[in-house]
Amino acid sequence: MRELIQRIRARYRYPAIILRAMVSSDLKLRYQASVLGYLWTLIRPLAIFSILYVVFVKFIRLGEGVPYFAIYLLLGIVIWGFFSEITDQGLSSIVIRSSLLRKVNFPRYVVVLSVGVSVLIGFLLNMLVVALFMVLRQVPVRLEILWVIPLFLELMTLAISVSFVLSALYVRFRDLNYIWEVFMQAAFYATPILYPLSLVPEKWARILVLNPMAQIVQDARYVLVTDQTKSISQLWGTHWARAIPVGITLLLAVVSVVFFRRRSRTFAEEA
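In this report, the structure presented in the accompanying data block is examined. Since the model is a prediction, treat every value here as computed from it, not as a measurement.

### Points about the overall build of the protein
1) Next: Secondary structure summary: the protein contains twelve helices and zero strands in total.
2) Next: Expressed as a percentage of the 271 residues in the protein, the buried residues total 45%.

### Some thoughts on the environment of Leu224
1) Next: With respect to the secondary-structure elements, Leu224 resides in helix α9 (residues 212-224).
2) Next: When the C-alpha positions of Leu224 and Val148 are compared, they lie 7.6 Å apart, and in sequence the two are 76 residues distant.
3) Next: Not counting chain neighbours up to four residues away, the residues in contact with Leu224 comprise Leu75, Met127, Met134, Val139, Arg142, Ile145 and Val148.

### What to know about the nonpolar core
1) Next: Residues Ile79 and Leu155 are the most contacted members of the largest nonpolar core, which totals 73 residues.
2) Next: Broken down by element, this core gets its largest block of residues, 17 residues, from helix α3 (residues 69-96).

### Looking at the packing of aromatic side chains
1) Next: Applying the stated criterion across every chain yields a total of eight aromatic pairs.
2) Next: For the pair Phe123 and Phe152, a centre-to-centre distance of 5.1 Å together with 80° between the ring planes defines the contact as edge-to-face. A residue pair is termed long-range when its members are at least 10 positions apart, and Phe123 in helix α5 (residues 109-136) and Phe152 in helix α6 (residues 148-170) qualify at 29 residues. This pair shows no difference in class: Phe123 is buried, exactly as Phe152 is.
3) Next: Connected via pairs of aromatic rings, a cluster forms that spans Trp80, Phe83, Phe188 and Tyr189.
4) Next: Of note, Arg174 hangs over the ring of Tyr170, and the distance from its end group to the ring centre comes to 5.6 Å.

### Some words on the packing of α3 against α5
1) Next: At a minimum axis separation of 9 Å, α3 and α5 run at an interaxial angle of 170°. With respect to each other, α3 and α5 are oriented roughly antiparallel. Across the interface between the two elements, Ile71, Leu74, Leu75, Val78, Ile79, Phe82, Glu85, Ile86, Gln89, Gly90, Ser93 and Ile94 of α3 pack against Val111, Val112, Val115, Gly116, Val119, Leu120, Phe123, Asn126, Met127, Val130, Phe133 and Met134 of α5.
2) Next: Among the residues forming the contact of α3 with α5, the class breakdown is 18 nonpolar, five polar and one charged.

### Overview of α9
1) Next: With 13 residues, α9 should reach 18 Å at 1.5 Å per residue; the first-to-last C-alpha distance of 18 Å fits that figure.
2) Next: Counting buried residues along α9, twelve of its 13 residues qualify, which places the element largely inside the surrounding structure.
3) Next: Within the sequence span of α9, burial applies to Pro212, Met213, Ala214, Gln215, Ile216, Val217, Gln218, Asp219, Ala220, Arg221, Val223 and Leu224.
4) Next: Packing partners of the buried residues in α9 comprise α3, α5, α6, α8 (202-208), α10 (232-236) and α11 (243-264).
5) Next: Regarding α9, its N-cap is Asn211, as a side-chain oxygen of that residue lies 3.1 Å from the backbone nitrogen of Met213 further along.

### Notes on the environment of Val148
1) Next: Its location among the elements puts Val148 in helix α6.
2) Next: Aside from chain neighbours lying at most four places away, what touches Val148 is Val223 and Leu224.

### What about a positive patch on the surface?
1) Next: Taken together, the side chains of Arg11, Arg261, Arg262 and Arg265 make up a positively charged region of the molecular surface.
2) Next: You can see Arg265 is positioned in the loop between α11 and α12 (267-270).
3) Next: Overall, the relative accessible area of 67% leaves Arg265 in the exposed class.

### Things to note about α5
1) Next: Between the first and last C-alpha of α5 there are 41 Å, a value that for 28 residues agrees with the 40 Å anticipated at 1.5 Å per step.
2) Next: Gln138 sits one or two residues past α5 and shows a positive phi near 55°.

### What about the pattern of salt bridges?
1) Next: Tallying each qualifying case throughout the model produces two salt bridges.
2) Next: Between Arg142 and Glu144 there is a salt bridge; the shortest N-O distance is 3.7 Å.
3) Next: Accessibility expressed as a relative area gives 19% for Arg142, which makes it buried.
4) Next: By relative accessible area, which is 31% here, Glu144 ends up partly exposed.
5) Next: Put simply, Arg242 and Asp219 hold a salt bridge, and the shortest N to O gap is 2.7 Å. Of this pair, Arg242 sits in the loop between α10 and α11 while Asp219 sits in helix α9, and the two are 23 residues apart along the sequence.
6) Next: For Arg242, a relative accessible area of 24% corresponds to the partly exposed category.
7) Next: When its relative accessible area of 4% is taken as the criterion, Asp219 is described as buried.

The rules behind these values
Residues numbered from 1 in each chain as written. Predicted model: local features only at pLDDT ≥ 70, side-chain atom pairs only at ≥ 80, totals over all residues. Heavy atoms only, no water. Helix = DSSP H or I, 4+ residues; strand = E, 2+ residues; numbered from the N terminus. Buried < 20%, exposed > 50% of the residue type's maximum accessible area, 1.4 Å probe, protein only. Contact = heavy atoms within 4.5 Å. Core = buried A, V, L, I, M, F, W, Y, C linked by side-chain atoms within 4.5 Å. Phe/Tyr/Trp six-rings, centres within 6.5 Å; stacked < 30°, edge-to-face > 60°. Lys NZ or Arg CZ within 6 Å of the ring centre and 35° of its normal. Axes fitted to C-alpha atoms, helices over the stretch in contact; angles between N-to-C directions. Parallel < 35°, antiparallel > 145°, perpendicular 65-115°, else oblique. Nonpolar A, V, L, I, M, F, W, Y, C, P; charged D, E, K, R; others polar. Expected span 1.5 Å × (residues − 1). Polar contact = N/O pair within 3.5 Å; in protein donor to acceptor, adjacent residues only side chain to side chain. Patch = residues over 30% accessible without salt bridge, like charges linked within 9 Å, V, L, I, M, F, W, Y side chains within 5 Å. Areas by Shrake-Rupley, 256 points an atom, 1.4 Å probe, with all protein chains shown as cover. Salt bridge = Lys/Arg side-chain N within 4 Å of Asp/Glu carboxyl O. Lys, Arg positive; Asp, Glu negative; His and termini not counted. Charge placed at Lys NZ, Arg CZ, Asp CG, Glu CD.

Encoded structure:
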């Protein structure tokens, strides 16, 4: 067992060093010459939340009847923002680092993972803000809150997997960023971020929640905010229904790794 651990350490020691350097460099460059610096990580989702809250809650009144709807909405925005930022930055990550790929020999997957880790740091800071709001609004803490750990692991796996596919495709197809931007805009409204799933007819809600992002958002709201949230288990009447979006995520993870490894051989030449 000790030998196996030493082999794993020896194999991944160099990629880990490169990953740490890339994450550090990315965080420094992102907020270079910025007055507020890392605070923008917190301000941006809060600003978006404030605008959407005023429009959709105070004027259109979408959240009536949903306990702690402000936190319910903020949590959805933070989760979606995490997925959106990773895939958006991950899409162009290989092309942006193309000069480095030609000069240094290291595993190409580190480039995409560095984006994921950088965005994850901001996501964890945002979740601390969500937790603060939960304390201030006295949201009851239930034992189910422990389920948030596998849910966020599923979210990270989904986001990184999509980034692997997008980054590999973008090396050859540079129009992909425009297509992905339109797709994400449509997907945002197709995912119950702004509105409770209870407003959607049940037959459509059951289909909608099979989308891994919708399942993650609803389950996270269920375990963190209120048990009145319509989760995939409630809509389908069985916990086994969750196996569909989770299975989609795992299948995508396998396919994305295989696809990325095959395409990565020509990144230095094509990028």
